[in-house]
2 protein chains.
Amino acid sequence: MRRIDQIEPFRVMQLLERAKELEAEGQKIIHMEIGEPDFPTPPSVIEAAKAALDSGDNYYTPSTGNPKLQKALSQWYLGEYGVAVAPERILITPGTSGAFSLIYATLLEAGESVLLSDPGYPCQRNFIRLAGGEPLNIPVSPETRYHLSAGLIEHHWKAGTRAAVVINPSNPTGTLIDDGELKKVADSCRRLGGYLISDEIYHGLTYGAKARCALEFSDDAIIVNGFSKRWAMTGWRIGWVIVPDSLIDACRRVMQNIFIAAPTLSQYAAIRALAASDEIEVMRRAYDERRSYLLSELPKLGFDIVVEPQGAFYIYANVSRLTDDSRSFCWQMLEKAGVAITPGEDFGSYRSDQHVRFSYATGLEDIREGVDRIRRYLSLATK
Amino acid sequence: MRRIDQIEPFRVMQLLERAKELEAEGQKIIHMEIGEPDFPTPPSVIEAAKAALDSGDNYYTPSTGNPKLQKALSQWYLGEYGVAVAPERILITPGTSGAFSLIYATLLEAGESVLLSDPGYPCQRNFIRLAGGEPLNIPVSPETRYHLSAGLIEHHWKAGTRAAVVINPSNPTGTLIDDGELKKVADSCRRLGGYLISDEIYHGLTYGAKARCALEFSDDAIIVNGFSKRWAMTGWRIGWVIVPDSLIDACRRVMQNIFIAAPTLSQYAAIRALAASDEIEVMRRAYDERRSYLLSELPKLGFDIVVEPQGAFYIYANVSRLTDDSRSFCWQMLEKAGVAITPGEDFGSYRSDQHVRFSYATGLEDIREGVDRIRRYLSLATK
Ligand SMILES: Cc1ncc(COP(=O)(O)O)c(C=O)c1O
Ligand SMILES: Cc1ncc(COP(=O)(O)O)c(C=O)c1O
């Protein structure tokens, strides 16, 4: 099979298309399938972008990023996690997505492998395949809070494995890895001679808990993060990756060639975003309220939430009590109840037909209506 | 050798760093090494970006782009070249750079090859290597106006070759491919069962000639273009690629995974840019004036311009009369005359030590001073 044929589409896109058709026919659809903040970018960031537009600087930045943003992030790491990171280790990328292209291009040789959790962020395995590598999808369960553990890593690591990826909080499960386990995971990766890649894009979107940066436990962890989620800046395509000194040179060469640079205006906007803590706290509180509501309502409807999700804006629910085919279940829910949620198959294959993902990046009123609709649909369906 | 070790840095970057050091010491350096418009983005585009900021839409666009931009480009192709291109064949990418990542991820299997011209745009060979492919660098000379010809393509195509790239007008030579030859090149690629990839990023920056779109000759050519050069929008990171129907699906899957989408704001700005023809014409005229000046002065100084460059903002000069080592020549020129130009080695290896590239994306006054400085330096050096 050619590599390109191994790249799966997001299955939820078909569902989304159908949702749009229904909307075009005049139906109201409740969107709980989308992994994107419903909030617009904070006003202070918009103003900073306008000021940057007026400055006339729309040129390429250095490939590794605007040094002012690198420096601002370095200071931010000190305040946020108490870790000192030299600015030149912080490479600015076109989205966190760009960071992944960069890292795998830099680390992987054809046939080398990377450990991923199943379920996990679906693009990961495709980034790895496109870099000529092999994704090793390791089933994870409530036992490890749906995360890779040191034990799993030690067990599945093989010759040619170069890294393990932890997404913390996780997409799709919203769960945090246990702090002690994160340290052990970092130790294992180092001992095995590879890298821990910590995807921290949902940091800051946590409720009653704080996610730890992998750099608190290991100097040579690779940290991937970005402005899309916490700062509600998806369309700006701006992220970063922190690499050990030994990788800076190779990364710079790759960046010069494949990106030239990240978007200039977004880099200015990002500098301002780092100071927008009040504005982002408002969003976090809103997510938290929606989350509490769903955590209390969904189980009553038959959705089992086995590990409490303390982060991101996702709830990964076991639907075994309701169906043994989560895909058809989601399609039915869309067609019959007008509620869009994502079937487990988009995040892996391990017990995926027993799971669905709810996103609460949707207003509370819509979420309430969604729950009502699901309740009505299920009570009819089971009568 | 690991793949990453085959990715060369831009050598001119070291020269640029040294230039910055000299500037920090108070020296004025004349920059004729940089391949980036010196003009800021046109005011009408800046205004459109501000309006888009006010609209509150900073969300991800569909992976293949904002449909309005796809449509605007489709109409633009009709006006500009008289070719009809369905909007859904026009995929919006983060820079032309993104278009190359996309295309090679989609087309190449490990070990498959792509024909490139030597000299040529240096990132090309690295994009191909990072996709696991093999760049076949074909020496080109004044005979073919420094372009791949149908003859060269037929001669060098081998089992597993998937495409040939034409950069028209060329970076670094500024030369246009002969129209008839472009048609033959397209025919050859089709006959050989592969793709012609036409990099048209310097279209519109032509002087006394017009570059033809490869789609005028072949429906299944892959066209790569972007807003960086003609529209002076480098920092916006926005480009596009036109693919045959048969590739749309595969490209969409790759885009969903590796980009999610191109920058939203830049897409709005790009829609406006397509209507900014007066503003871009002012820039084109300025380039043309600088070009005429250099074309008349450089030969007097010993720089041989064998094929008249009719496009981009580059002049590729043979320096055999002045040196047999263009790299040291460029370094000397920087240190002794304070003029930065790019040595041939950044664009390939074929007769690279006999060539340098001048960029005239620098104000005419500076260019005049640069020429004066070079004159003085060379007359001293040869005394
Ligand atoms: C876990 C995770 N990582 C990375 C990304 C990529 O985001 P971006 O490229 O917008 O930074 C996403 C987006 O959904 C995500 O869920
Ligand atoms: C020939 C050629 N193609 C493509 C590019 C990439 O430009 P961008 O990614 O800014 O669209 C460049 C930039 O210098 C170029 O010279």
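Keep in mind it's a predicted model, so treat the numbers as computed, not measured. (Residues numbered from 1 in each chain as written. Chains lettered and ligands numbered in written order. Predicted model: local features only at pLDDT ≥ 70, side-chain atom pairs only at ≥ 80, totals over all residues. Heavy atoms only, no water.)

## What about the nonpolar core?
By size, the foremost hydrophobic cluster in this structure holds 275 residues, and its most contacted members are Tyr 104, Phe 227 and Phe 303 of chain A together with Tyr 104, Phe 227 and Phe 303 of chain B. Considering every element that reaches this core, the biggest residue donor is helix α10 (residues 277-301) of chain B, with 9 residues. When residues no more than four places from it in sequence are discounted, the contact partners of Tyr 104 of chain A are Val 114, Gln 124, Phe 127, Ile 128, Ala 131, Val 165 and Ile 197 of chain A together with Arg 3 of chain B. (Core = buried A, V, L, I, M, F, W, Y, C linked by side-chain atoms within 4.5 Å. Buried < 20%, exposed > 50% of the residue type's maximum accessible area, 1.4 Å probe, protein only. Helix = DSSP H or I, 4+ residues; strand = E, 2+ residues; numbered from the N terminus. Contact = heavy atoms within 4.5 Å.)

## Points about the site of ligand 1
Among the 14 residues in the neighbourhood of ligand 1, the closest are listed as Ser 97, Asp 199, Ser 228 and Lys 229 of chain A together with Tyr 60 of chain B. The environment of ligand 1 is shared, with nearby residues belonging to chains A and B. Take Tyr 202 of chain A: an N or O atom from its side chain is 2.8 Å from an oxygen atom of ligand 1. In the model, an oxygen atom of ligand 1 is placed 2.6 Å from a nitrogen or oxygen of the Ser 228 of chain A side chain. Taken by itself ligand 1 offers 400 Å² of open surface, and the protein chains cover 97% of this. In terms of residue count, the dominant contributor to the shell around ligand 1 is helix α4 (residues 95-107) of chain A (3 residues). Among the residues forming the shell around ligand 1, the class breakdown is 6 nonpolar, 5 polar and 3 charged. (Near = heavy atom within 4 Å. Polar contact = N/O pair within 3.5 Å; in protein donor to acceptor, adjacent residues only side chain to side chain. Areas by Shrake-Rupley, 256 points an atom, 1.4 Å probe, with all protein chains shown as cover. Nonpolar A, V, L, I, M, F, W, Y, C, P; charged D, E, K, R; others polar.)

## Examining the sheet that holds strand β12 (residues 355-359) of chain A
Each strand in a sheet pairs with another by means of backbone hydrogen bonds, the pair being arranged parallel or else antiparallel. Residue and element names in this part refer to chain A. Pairing in this open sheet of 3 strands is antiparallel, and the strands run β9-β12-β11 from one edge to the other. Two strands bound the open sheet, and with one partner strand each, they are β9 (314-318) and β11 (342-343). As paired strands, β11 and β12 are joined by 2 bridges and run antiparallel to one another. Counted as the bridge partner of Thr 342 is Arg 357 from β12. (Pairing = 2+ DSSP bridges.)

## Quick look at the UniProt feature "domain: Aminotransferase class I/classII large" (unreviewed entry) in chain A
As annotated in UniProt, the feature "domain: Aminotransferase class I/classII large" (unreviewed entry) corresponds to residues 28-374 of chain A in the numbering used here. Each end of residues 28-374 of chain A is marked by a C-alpha atom, and these two atoms are 14 Å apart; helix forms 41% of the span and strand 15%. (UniProt positions renumbered as here; feature names shortened; annotations may be inferred.)

## Looking at the environment of Asn 225 of chain A
Residue and element names in this part refer to chain A. With respect to the helices and strands, the residue Asn 225 is situated in strand β7 (residues 222-226). What makes Asn 225 buried here is its relative accessible area of 2%. Separated by 148 residues in the primary sequence, Asn 225 and Tyr 77 have C-alpha atoms spaced 12 Å apart. Once residues lying within four places of it in the same chain are set aside, the contact partners of Asn 225 are Tyr 77, Thr 96, Glu 200, Ile 201, His 203, Gly 239 and Trp 240.

## As for empty space enclosed by the protein
Scanning all chains against the criterion turns up 12 cavities of 30 Å³ or more. Each pocket or cavity is described by its volume, and for the largest cavity that value is around 450 Å³. Around the largest cavity sit 32 residues that line it, and Ser 101, Ile 258 and Phe 259 of chain A together with Ser 101 and Ile 258 of chain B are the ones nearest its centre. If you list the elements that add at least two residues to the lining of the largest cavity, you get α4 and α5 (123-130) of chain A together with α4 (95-107) and α5 (123-130) of chain B. The residue makeup of the lining of the largest cavity, split by class, is 23 nonpolar, 6 polar and 3 charged. (1 Å grid on protein atoms, 1.4 Å probe; cavity = no way out; pocket = protein on both sides within 12 Å on 5 of 7 lines; lining within 4 Å. Points joined across faces, edges and corners; volume = space filled by probe spheres on them.)

## Some remarks on helix α11 (residues 326-337) of chain A
Residues and elements named next belong to chain A. The end-to-end C-alpha separation of α11 is 15 Å, in line with the 16 Å expected for 12 residues at 1.5 Å each. All of the buried residues in α11 are Ser 326, Phe 329, Cys 330, Met 333, Leu 334 and Ala 337. One face of α11 carries all of its buried residues, which in axial projection span an arc of 135°. The elements touched by buried residues of α11 are α1 (12-24), β10 (339-340), β11, β12 and α12 (364-381). Two residues or fewer past α11, Gly 338 is found with a positive phi of approximately 70°. (Expected span 1.5 Å × (residues − 1). Arc of directions from axis to C-beta.)

## Considerations on the domain arrangement of chain A
All names here are of chain A. Parsing chain A into structural domains produces domain 1 (3-39 + 278-381) and domain 2 (43-276). Distance from the C-alpha centre of domain 1 to the C-alpha centre of domain 2: 26 Å. Taken residue by residue, the interface counts 37 residues in domain 1 and 40 residues in domain 2. Across the interface of domain 1 and domain 2, roughly 3400 Å² is buried in total on both sides, 57% from carbon and sulfur atoms. Across the domain 1-domain 2 interface, the total number found is 2 salt bridges. (Domains from an automatic or database assignment. Buried area = accessible area lost by both parts, 1.4 Å probe. Salt bridge = Lys/Arg side-chain N within 4 Å of Asp/Glu carboxyl O.)

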